[in-house]
Structures are given as C-alpha cells and as structure tokens.
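Examination of the molecular architecture
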Amino acid sequence: MPRTRSLLLPLLAAALAAPVMLAAPPAQAQNFFERLFGIKPERPPVPPRGVPEAPPAAPAAPGEPGAPAAPEASRPAPAPARPVVLKVPSEDGVIGQELQLNGLSGTLKLERSGTAVSARIKLPGTKISQPAESCTVPLANGNPITLSAEGKPEGAPRFEAAGAECPLRFDVVEGGVLVSSLGQGPVCTFSNADCATTPVGLWGPAGASLIPRAGEFDTARGVADKAVRDNYKLMTQRARREDVRPVVSEQAAFSADREQLCRGYAREGTHGFCHLRVTENRALALATRLGANTAVPTAAAAPRRSRPRPAAEPAVDGMNPDAAGEMPPE
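Now for a quick tour of the structure. (Residues numbered from 1 in each chain as written. Predicted model: local features only at pLDDT ≥ 70, side-chain atom pairs only at ≥ 80, totals over all residues. Heavy atoms only, no water.)

**Notes on the overall build of the protein**
The test is simple: Helix numbers and strand numbers start at the N terminus; a helix is a DSSP run of H or I with at least 4 residues, a strand a run of E with at least 2. Categorising residues by exposure relies on relative accessible area from a 1.4 Å probe, with only protein chains included: less than 20% of the type maximum marks a residue as buried, more than 50% marks it as exposed, and the intermediate range marks it as partly exposed. Contacts between residues were defined by any pair of non-hydrogen atoms, one from each residue, lying within 4.5 Å. Reported accessibility uses the Shrake-Rupley method at a 1.4 Å probe radius. Residues are deemed covered only where the shown protein chains occlude them.
Each helix and strand counted, the protein has seven helices and 11 strands in total. Every one of the 330 residues in the protein was classed for burial, and the buried ones make up 34%. Within the protein, contacts between residues at least 6 apart in sequence are counted, and of these 63% link residues at least 24 apart. Of the roughly 20500 Å² of accessible surface on the protein, 56% is carried by carbon and sulfur atoms.

**Notes on the packing of helix H5 (residues 241-262) against helix H7 (residues 273-289)**
Our working rule: Axis lines are fitted through C-alpha atoms, for helices just across the contact stretch, and the angle between N-to-C directions can take any value from 0 to 180 degrees. If an angle is under 35 degrees, it is roughly parallel; if it is over 145, roughly antiparallel; if it lies from 65 to 115, roughly perpendicular; otherwise it is oblique. Here a crossing is taken to be left-handed if its near helix is turned anticlockwise relative to the far helix by less than a right angle, and right-handed if that turn runs clockwise. We call Asp, Glu, Lys and Arg charged. Ala, Val, Leu, Ile, Met, Phe, Trp, Tyr, Cys and Pro are nonpolar, and the rest, Gly among them, are polar.
Close contact between H5 and H7 brings their axes to 10 Å; oriented N to C, the two are set at 150°. The angle between H5 and H7 falls in the class roughly antiparallel. As for the relative orientation of H5 and H7, their crossing is right-handed in sense. Each of Glu250, Gln251, Phe254, Arg258, Glu259, Leu261 and Cys262 in H5 lies in contact with H7, whose residues at this interface are Cys274, His275, Val278, Thr279, Arg282, Leu286 and Arg289. Here the contact of H5 with H7 is built from residues that sort into six nonpolar, three polar and five charged.

**Quick look at the environment of Arg267**
Here Arg267 is to be found in the loop between H5 and helix H6 (268-271). Distance from Arg267 to Ala208, taken between C-alpha atoms, is 6.9 Å for residues 59 residues apart in sequence.

**Describing the side chain of Glu91**
Quick note on the threshold: In the analysis that follows, any N or O atom pair within 3.5 Å is treated as a polar contact, provided that within protein one partner can donate a hydrogen and the other can accept it, and provided that, for residues neighboring in sequence, both atoms belong to side chains.
Here Glu91 is to be found in the loop between helix H2 (26-37) and strand S1 (98-101). In terms of polar contacts, Glu91 uses its side chain to reach the side chain of Arg112, at 3.4 Å. The residues contacting Glu91, other than those within four sequence positions of it, are Arg112, Pro157, Phe159 and Val172.

**A few points about the state of the cysteines**
Cut-off, in case you're wondering: By disulfide we mean two sulfur atoms from cysteines, separated by a distance within 2.5 Å.
If you walk through the whole model with that rule in mind, you get three disulfides. The disulfide partner of Cys262 is Cys274, and the gap between their sulfur atoms is 2.1 Å. Disulfide Cys262-Cys274: the torsion about the S-S bond is -75°, which places it as left-handed. Of the two residues, Cys262 is situated in helix H5 and Cys274 in helix H7; the sequence distance between them amounts to 12 residues.

**Observations concerning the pairing of strand S11 (residues 201-204)**
Formally: Paired strands are those between which DSSP finds at least two bridges.
Pairing of S1 with S11, which is carried by two bridges, proceeds in the antiparallel orientation. Its bridge partner being in S11, Leu101 is matched across the sheet by Trp203. Note that strand S8 (residues 176-181) and S11 share three bridges and pair antiparallel. If you follow Val177 over to S11, its bridge partner there is Trp203.

**Concerning the pattern of salt bridges**
Rule in force here: Take a side-chain nitrogen of Lys or Arg and a carboxyl oxygen of Asp or Glu: if they are within 4 Å of each other, that pair is a salt bridge.
One pass over the full model with this rule turns up 16 salt bridges. Between Glu250 and Arg282 there is a salt bridge; the shortest N-O distance is 3.0 Å. Of the two residues, Glu250 sits in helix H5 while Arg282 sits in helix H7, which places them 32 residues apart along the sequence. The buried category is assigned to Arg282, whose relative accessible area is 11%. Salt bridges linked by common partners bring Glu91, Asp92 and Arg112 together as one network.

**Notes on unusual backbone geometry**
Residue Ala140 is not a glycine yet carries a positive backbone phi of 55°. Tracing the backbone through its elements, the reader meets Ala140 in the loop between strand S4 (134-138) and strand S5 (145-149). The phi dihedral of Asn141 is positive, around 55°, even though this residue is not glycine. Examined against the element boundaries, Asn141 turns out to sit in the loop between S4 and S5.

**Some points on the packing of helix H4 (residues 214-238) against H5**
Packing of H4 against H5 brings their axes to within 9 Å, and their N-to-C directions diverge by 160°. One way to sum up the angle between H4 and H5 is to call them roughly antiparallel. Crossing handedness for the pair H4 and H5: right-handed. Of the residues in H5, those touching H4 at Arg221, Asp225, Val228, Tyr232, Met235 and Thr236 are Val244, Val247, Val248, Gln251 and Arg258.

**Notes on the pairing of S4**
The alternating pattern of S4 places Cys135 and Val137 on a buried face, while none of Ser134, Thr136 and Pro138, on the opposite face, is buried. Pairing of strand S3 (residues 116-127) with S4 involves five bridges; the strand directions are antiparallel. Its bridge partner lying in S4, Thr126 is registered against Ser134. Linking two consecutive strands that pair antiparallel, namely S3 and S4, is a turn of six residues.

So this is what it looks like as structure tokens:
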C-alpha cells in the first residue's frame, strides 16, 4: 500500500497541474515539468568550428539606391563654366592726367597725338652723393617720349619706352598706370644729375584725393577678389597635373607682390585704391590666359557690402600719414 501511494502522488500532482499548464505558454510548461521530474535541459547545439560566417553586406556605393547622400560640406565647390572678365581699362581714362608715383612724388602724363601715345615723365629719386636728399630727373629733358603700343597681352593696354634713358613698360589700370622696368633692375641711375631713381610701382592720383571714394573701392575690391579666385580655380582645373604646382606658386606670389607694391601708396590703408587696381588687372590677366574674350565683360559677383571706415583726417599738403619719407609733388 505505501508503494502504491508513492506512485500515485506524482500522477495526482500532474493531473492537478495539467489545466494550469494547458493555459501557460509552452516554455513555462516545459520548465515546470523539468523542475517536477528533475529533467535537465539539453544544451543548445554548438555550430561546428571552421565554418565561415556570412560576411556583412557591403554598403551601397554613392549614387546607388539606398546609399546615403553625401554631406553638402564635403562636396567641392564647382568652378565657373567660363572665365570671369572684368571691365578692361582704357588709356583714354588717364590721357592728360598728371599721375604721381604712389600718389606721392614725380609726374607722369600720357598724351595722345593722332593715334600715337607719348609720355612726359619726371622720375623721383635720391641723390647719389647725399642719399638723404631727394631729387628728380626729367626724361628726354622734359620732352614727350613716344611710346610703342604693345596691345593687350594681359588684358589691359600696354605701352613701352624701350629706347628711353630709363627703359620702362606702362600697363594701364583704371585711373592710373602700373610701371615696370625693362632694364637690368628696378633702379635707374643718372650720374650727371647725381640721382638714383626707382620708378617701378603704381602711378596714380594723390592719396588724399582718393579718400572720398573709399566705399566705392571697397565694394569693387570684393568683386575683383572673387574674379581672381574663380579664374585661378578654373586655371588649376584645366591645367595638366605637372602644370598645377607652377600655377599655385604664381598665385601665392601674387598676393605677396601686391602687398609689397601697394604698401607705399599714400593713404592706401584708408582708400585701398592700389590693391583694387592691381587685383583687377590680375583677374584680367588670368582671364586672358584662359582664352576669354576680354572685350565682353561678364558679371563677376554680387557686390559685397562695404565696411564702415573711420572718418578721414584732413589732408595736409606735403605730408603722408601712411608712408614714411613722403615728398611734396614737384
């Protein structure tokens, strides 16, 4: 009897638990019987070693369906489809004007007779025997020097006086002339006059007369700077791989040369005339090298808003607050 009772007790417990287990989830029912009868669960099968797992799906290539869009910041800015051409300066704008080197000293006046263009020039300099003293030398004894027209090899009109006592080249800018040397160096020495001259630089109006146009120059400078950047970018994209480095070096040298050239212009820090004109001619030179038709200007950029400038101090004759060693005009 006791043996029969011991066998019936588990069966009775199972019968009582059956309705409950029928309503329970399969996993809970299995756990109940395992605890009741002491059955150990089998371990999950272990995959055999050495079987390679499936590689992860490769990401979709850019442009394919499902590929993430590239961020806007990582996309390179597109270069302009064609060179940007600014307005080409004309020699008519400087004919008859008395220009000064750096707006400070000497005189340069272009004259026209028929189709020929000539120049009257007084070069400023310092005495050879007394470098602290200034001097001036009139070329051709003050007579007009006939200039040869060299066309527009870099976008702007160019003239030369190759046979003068001091051989010079004249590149016209808006309202002035960029003068460079055709000789061995930038210095022209006149022993008979005891004078050494350096005529290289921008010849333009007196610095004080340009201050009222400072806002105009500042706005135009933004347009010129963008034209240079766009044309430079287009040139690097068109150049062969071996020609890119010289173009980059040339552009870097331009910024340094412009700063060196314009630092001596009278009141340059107030009006910015020199930086503007040199930048405009640089943009024209790049457009010309890119094969653009410089006779038809294109819109370079929307003018930027000019920065407010401090009120200009009244000009004092014979004094230049922004350049040391200013000399009154001859």
